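One-letter residues, chain by chain:
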Amino acid sequence: MKIRILEILKSTPDWVSGETLRRAMGVSRTAVWKHIRTLREEGYNIEARPNLGYRLLQAPDAPLPGEVITGLSTAFIGRRLEYVPELSSTNELATRLARDGCPAGTVVVTETQTGGKGRLGRAWFSPRDKGLWFTVVLRPPVNPAETPQLTMVAAVAVATAVRDHTGVPADIKWPNDILVRERKLCGILVELNAEMDRVNFMVAGMGLNVNVARREFPPEIRSAATSLLAESGEYIPRVPLFRALLKSFEDWYCLWLDQGFAPILRRWRELCITLDCPVTVHTLRESYSGYAVDVDDTGALLVRTASGRIERLLAGEVSLRKS
Ligand code: ATP
């Protein structure tokens with residue numbers, strides 16, 4: 001209903017009378033007014049004048065369904081968009097929705113996370129209105145053993161969309177980070193819900209720093225983090241960027257399901273900066289130096305150690321540094 005009112009306001013540059021809206025929606029004038037009030041609370045600048053009606057002056061640059069869905073060119077990702085101004089974590093709500101049977105492609109997006117998570121339970125900084133903090137629910141018809149590939153699908157999709165949409169040279173760091181000039185721009189956290197032989201659902205969470213100024217990052221991550229604003233020197237409108245990310249994600253996801261992992265891995269290798277180079281590996285027990293040789297079909301990193309042995313590293317267990 002609210003979205004329909006918005007569509008009418010957007011398609012009319014001039015005043016729209018309360019009566020026109022009331023008739024178009026088949027509701028009372030009070031109901032129209034309530035929706036207008038909610039839209040204003042969401043950041044829409046709507047002028048109201050007695051005898052003239054309503055006029056939309058400006059829409060907010062926020063990933064609201066009324067902004068994102070118009071002009072979204074995906075078939076299913078983001079077609080259902082749950083926007084919640086503040087959340088503990090988008091992966092958490094997406095998991096709940098997925099358990100309750102929401103359709104594949106449902107997206108949860110928020111303005112700020114109070115309990116955003118990275119890998120290994122680390123905290124993810126998600127300042128209000130400054131990023132794209134979102135999660136996509138998927139139900140891929142693949143074997144549970146193949147599911148680590150989805151992190152790589154997501155990484156390729158984000159890095160490609162960022163490059164195409166903003167020109168910022170985004171790279172991939174194994175397994176789940178998007179970096180620009182070796183600073184972290186985006187983190188990806190894919191979680192799996194499966195039986196032994198069947199995937200129930202997966203949630204792919206992404207936290208992309210968009211308009212975070214360098215000084216706004218907490219001191220402990222300031223030198224290791226970056227944003228599109230910091231890299232490009234320009235404010236980046238989030239709505240068109242979000243649409244581009246969802247479209248890229250859908251394209252790469254469908255390619256994965258249609259043609260398998262090979263085309264994903266090919267692009268991933270082109271974008272990855274932690275391959276064919278010396279690395280330091282940190283596990284819970286030890287740290288050692290080695291050479292990152294390749295990744296295998298499960299997304300595990302193959303590292304040659306000083307003694308010449310090849311270690312197969314799983315994403316959930318280690319941290320990696322370029323050395
Ligand atoms: P490692 O770099 O050790 O491999 P990781 O990159 O896999 O770890 P994640 O668990 O994915 O780390 O992300 C959490 C870490 O990212 C935090 O510990 C913090 O250092 C950093 N971080 C948290 N919020 C942000 C942010 N908004 N932008 C960039 N980095 C962040």
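Further up the page is the structure itself.
Okay, so let's go over this structure. Source: prediction; values computed, not measured.

This brings us to the nonpolar core. If you look at the biggest cluster of nonpolar residues, it comprises 85 residues, and the most contacted ones within it are Phe134, Leu150, Ile178, Leu208, Phe249 and Trp268. Looking at this core element by element, the count peaks at 11 residues for helix α6 (residues 149-166). Those residues in contact with Trp268, other than ones at most four positions away along the chain, are Met152, Ala155, Val156, Ile172, Trp174, Leu275 and Val295. Counting residues in each nonpolar core, the second largest holds 10 residues, with Leu93, Val108, Val137 and Phe201 among its members.

Moving on, we come to the sheet that holds strand β10 (residues 277-282). The strands that make up a sheet pair up through hydrogen bonds in the backbone, lying either parallel or antiparallel. In spatial order, the strands read β13-β12-β11-β10-β14; together these five strands make up an open sheet with antiparallel pairing. Two strands in the sheet have a free side with no partner beyond their single neighbour: β13 (310-313) and β14 (319-322). Adjacent strand axes in the sheet meet at a mean angle of 45° when their direction is disregarded. The pairing of β10 with strand β11 (residues 287-295) spans six bridges and is classified as antiparallel. Looking across to β11, one finds that Thr280 is bridged to Ser289.

Our focus in this paragraph is the site of the ligand. Lining the immediate surroundings of the ligand are 16 residues, of which Arg119, Arg122, Asp177, Lys184 and Ser319 lie closest. In this structure, an oxygen atom belonging to the ligand sits 3.1 Å away from a side-chain N or O atom of Asn176. The contact in question runs from an oxygen atom of the ligand to an N or O atom on the side chain of Lys184, over 2.6 Å. Considering the ligand on its own, with 640 Å² of exposed area, one finds that the protein chains cover 87% of that surface. Broken down by element, the residue count for the shell around the ligand peaks at three residues, all from β14.

The next thing to look at is the packing of aromatic side chains. Under the counting rule described, the total for this entry stands at five aromatic pairs. Judged by centre distance (6.2 Å) and plane angle (55°), the rings of Phe76 and Tyr253 are tilted. In this pair, Phe76 sits in the loop between α4 (65-68) and β3 (81-87) while Tyr253 sits in helix α9 (residues 238-259), placing the two residues 177 residues apart along the sequence. Summarising the aromatic geometry, the rings of Phe134 and Phe242 are spaced 4.9 Å apart at their centres and angled 70° between planes, so their arrangement reads as edge-to-face.

Turning our eyes to something else, we now look at a nonpolar patch on the surface. A cluster of nonpolar residues, Tyr291, Val293 and Ile310, forms a patch on the protein surface that exposes about 230 Å² of accessible area. Classification of Val293 as partly exposed rests on a relative accessible area of 30%.

This part is about the sheet that holds strand β4 (residues 107-113). Strand order across the open sheet formed by seven strands is β3-β4-β5-β9-β8-β7-β6, with mixed pairing between neighbours. In the strand order of this sheet, the two ends are held by β3 and β6 (171-173), each with one partner. Strand-to-strand twist of the sheet, defined as the mean angle between neighbouring strand axes without regard to direction, takes the value 20°. Sheet strands touched by α6: β5 (131-138), β6, β7 (177-180), β8 (183-194) and β9 (199-209). Its angle to β8, the strand with the most contacts, is close to 145°.

Next up on the list: the state of the cysteines. One pass over the structure, following the stated rule, counts zero disulfides. Considering cysteine sulfurs only, Cys272 is the nearest to Cys277, which forms no disulfide, with 7.4 Å between them. A residue is classified by how much of its surface remains accessible, and Cys277, at 8% relative accessible area, is buried.

Turning our attention to the packing of α6 against helix α10 (residues 262-271). What describes two packed helices is the angle between their axes and the distance between those same axes. Remark: α6 packs on α10, axes separated minimally by 10 Å, with the N-to-C direction vectors making an angle of 55°. Considering the angle they form, α6 stands oblique to α10. In this structure, the crossing between α6 and α10 has a hand that is left-handed. Mapping the contact onto sequence places Met152, Val153, Ala155, Val156, Ala159, Thr160 and Arg163 in α6 and Ile264, Leu265, Arg267, Trp268 and Leu271 in α10. In terms of residue class, the contact of α6 with α10 is made up of nine nonpolar, one polar and two charged.

A separate point is the side chain of Asn91. Take Asn91: it is sitting in helix α5 (residues 90-99). Look at Asn91 and you get buried, because its relative accessible area is 7%. A polar atom in the side chain of Asn91 sits 3.4 Å from the backbone nitrogen of Gly205.

Take the packing of α9 against α10 next. Put simply, α9 and α10 touch, their axes get as near as 8 Å, and they point 130° apart. For the element pair α9 / α10, the angle class is oblique. Two secondary-structure elements touch here, α9 through Trp252, Leu255, Trp256 and Gln259 and α10 through Pro263, Ile264 and Arg267. For the contact of α9 with α10, the class distribution of residues is five nonpolar, one polar and one charged.

On inspection of all chains with the given rule, the structure shows 22 salt bridges. Between Lys184 and Asp177 there is a salt bridge, with its nearest N and O atoms 3.5 Å apart. On the accessibility criterion, Lys184 (28% relative accessible area) is partly exposed. Judged by its relative accessible area of 7%, Asp177 is buried. Because the salt bridges share partners, they merge into one network encompassing Glu19, Arg22, Arg23 and Arg29.

Criteria and cut-off values
- Residues numbered from 1 in each chain as written.
- Predicted model: local features only at pLDDT ≥ 70, side-chain atom pairs only at ≥ 80, totals over all residues.
- Heavy atoms only, no water.
- Core = buried A, V, L, I, M, F, W, Y, C linked by side-chain atoms within 4.5 Å.
- Buried < 20%, exposed > 50% of the residue type's maximum accessible area, 1.4 Å probe, protein only.
- Helix = DSSP H or I, 4+ residues; strand = E, 2+ residues; numbered from the N terminus.
- Contact = heavy atoms within 4.5 Å.
- Pairing = 2+ DSSP bridges.
- Axes fitted to C-alpha atoms, helices over the stretch in contact; angles between N-to-C directions.
- Near = heavy atom within 4 Å.
- Polar contact = N/O pair within 3.5 Å; in protein donor to acceptor, adjacent residues only side chain to side chain.
- Areas by Shrake-Rupley, 256 points an atom, 1.4 Å probe, with all protein chains shown as cover.
- Phe/Tyr/Trp six-rings, centres within 6.5 Å; stacked < 30°, edge-to-face > 60°.
- Patch = residues over 30% accessible without salt bridge, like charges linked within 9 Å, V, L, I, M, F, W, Y side chains within 5 Å.
- Salt bridge = Lys/Arg side-chain N within 4 Å of Asp/Glu carboxyl O.
- Disulfide = S-S within 2.5 Å.
- Parallel < 35°, antiparallel > 145°, perpendicular 65-115°, else oblique.
- Left-handed = near helix turned anticlockwise from the far one by under 90°.
- Nonpolar A, V, L, I, M, F, W, Y, C, P; charged D, E, K, R; others polar.

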